[in-house]
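# A look at the structure
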Amino acid sequence: MSDAGAPTIEEPRLTTRRMRRRRIPRHVVVALPLALAGLISLSVSGNVLRPFEHITTLEAKMASKSDFFRDPEVQRLLLRHGIRVDIHRLGSRGIATQSLKGMDVVFPSGQPAAKLILDRQDHSVRSARPFVTPLVLSTFRDYAETLVKAGVATRQQAPDGGKTLYYDLRMGEFTRLLDGVDDPKDPRDGSDSDADTWNGIGFDKLEGPARSNSGRVLVRTSNVCESNSAGTYLSILAFVANKNRTPGAQDPNDPKLAANAVQNVAARIKPLINLQGMWADEQAESYFSDLGESIAPISVIYEHQYLAHQIAYHDKHGRQDTDRVLLYPTPYALTEPQLISLTDGGDHLVRVIEEDAELRERAIELGFRVRFSGEDGTSEQLNAYLREHGIQAPAPNPDQTKVYEPDLSVLEEIITSVGNCPPLEEDTP
């Protein structure tokens, strides 16, 4: 057969499939830089492995010192120890008198409430008193200057000769402006219907823009039945009313006479508290608000709350808040918040608070006077920090008379009488 007639057979071809390159989804492209930034942030903060570590959440009832545990830097430092704190905010006496079931730790703001809590425990517990803070009266410059004019307050000297942030307040003389009674021997408290009013003691006669306040001279407190700050202020009033002696300490061999003396003191100071009307829950929040001056000319707060405000204000504005000032009462009261453990997890937190140096440093940055080596408290490190940040440091009052709180049963009697408080509830630990 000739080749011309043979069929043509094509050789087989090897065909390769063209692979299409898969594109990265757009949402992944968008999210990638964010994920990378988060990883870098975790690396810088030392928390890169934190998501893979076990974090224990502790339930806690805390009063005003919950400010410390709500601070983001404190929370970050606690996470390094595997601890997160879930805070239930309540007044110190409220913490002491209500159920503690389900709580790992409690943090009352003072010793009276701490003693009530410790007395309820059926076994020894671990606790710490990491810092102290004085009780102070917060006010505004014109009102402080009015008290200077009335002869009951003295300015502390500002280091640069400018406007001071602090005044010393003589409580024995100041309380005579709180009773609403015209003292004929003291014309500075006003007269007739103006007695013990702000205008009556000279508020409307200050230099500068015309101002007026015909309201009573009052100190705003939180609920004495629940709050440590109000209870401590009550202790100051009782100490002053008892001629700078601790109520209940006299006549120890005659219980009836001692009880009558305590009831008499409670009756004398009750109007100084009750004339303010309805109590407010949190004085510091109102004081630092834009409407603080219209809410209350004078409020009871803690020193650390004021100093923390000044530090934050200076960081934001580059200067001090010179409109808000403090009155340091004489005699003075120092509050000692106590962190009390109720579980093994609480023990861990107490141990961390005692041993972590960075947490102590952060407490100073938040305005607390941190305890060292069992001392009552140190002011030097706090004052140095304030000066470094352009903030006037408070000066110690030459009159170092200190209020010593009465026996717990005596204090409870005064609080219950003044605040018409319900009796303490007996509750299991």
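Whatever comes next refers back to the structure up there.
## Some points on the overall build of the protein chain
A count of helical and extended segments in the protein chain gives 16 helices and twelve strands. Here the protein chain, with 429 residues, has 47% of them falling under the buried criterion. When contacts within the protein chain are restricted to residue pairs at least 6 apart in sequence, long-range pairs at least 24 apart make up 73% of them. Total accessible area computed for the protein chain in this model is approximately 22,900 Å², and 51% of it derives from carbon and sulfur atoms.

## Digging into helix α5 (residues 111-120)
Summarising burial for α5: seven of the ten residues are buried, a large majority. Buried within α5 we find Q111, P112, A113, A114, L116, I117 and R120. Looking at the buried positions of α5, the neighbouring elements they touch are α4 (92-97), β3 (105-107), α8 (228-241), β11 (339-341) and α16 (408-419).

## Digging into the nonpolar core
Of all hydrophobic cores here, the largest spans 93 residues; its most connected members are F68, F69, L147, F174, Y233 and L349. Among the elements that line this core, the one with the most residues is α8, at nine residues. Apart from the residues lying within four places of it in its own chain, the contact partners of F69 are M62, V74, Q75, L78, V85, I87, F107, L339, L349 and I353. In this structure, M103, V106, A113 and A114 belong to the second largest nonpolar core, which totals twelve residues.

## Focus: unusual backbone geometry
With omega at 5°, the peptide bond leading from T330 into P331 counts as cis. Mapped onto the secondary structure, P331 falls in the loop between β9 (324-330) and β10 (334-335).

## Things to note about the sheet that holds β11
Ordered in space as β2-β1-β3-β11-β4, the five strands form an open sheet in which the pairing is mixed. At either end of the open sheet lies a strand with only one pairing partner, and these are β2 (83-89) and β4 (127-128). The strands touched by helix α13 (residues 344-355) are β1 (56-62), β2, β3, β4 and β11; relative to β11, the strand with the most contacts, the crossing angle is about 145°.

## Considerations on the environment of D356
The topology assignment puts D356 in the loop between α13 and α14 (357-365). On the basis of relative accessible area, D356 is assigned to the buried category, the value being 9%. Linking D356 and H81, residues 275 residues apart in sequence, is a C-alpha distance of 9.8 Å. Other than its neighbours up to four places away in sequence, D356 contacts R80 and H81. Polar side-chain contacts of D356 include one of 2.7 Å to the side chain of H81. Within the structure, D356 has its side chain in polar contact with the backbone nitrogen of E358 (distance 2.9 Å).

What counts as what
Residues numbered from 1 in each chain as written. Predicted model: local features only at pLDDT ≥ 70, side-chain atom pairs only at ≥ 80, totals over all residues. Heavy atoms only, no water. Helix = DSSP H or I, 4+ residues; strand = E, 2+ residues; numbered from the N terminus. Buried < 20%, exposed > 50% of the residue type's maximum accessible area, 1.4 Å probe, protein only. Contact = heavy atoms within 4.5 Å. Areas by Shrake-Rupley, 256 points an atom, 1.4 Å probe, with all protein chains shown as cover. Core = buried A, V, L, I, M, F, W, Y, C linked by side-chain atoms within 4.5 Å. Pairing = 2+ DSSP bridges. Axes fitted to C-alpha atoms, helices over the stretch in contact; angles between N-to-C directions. Polar contact = N/O pair within 3.5 Å; in protein donor to acceptor, adjacent residues only side chain to side chain.

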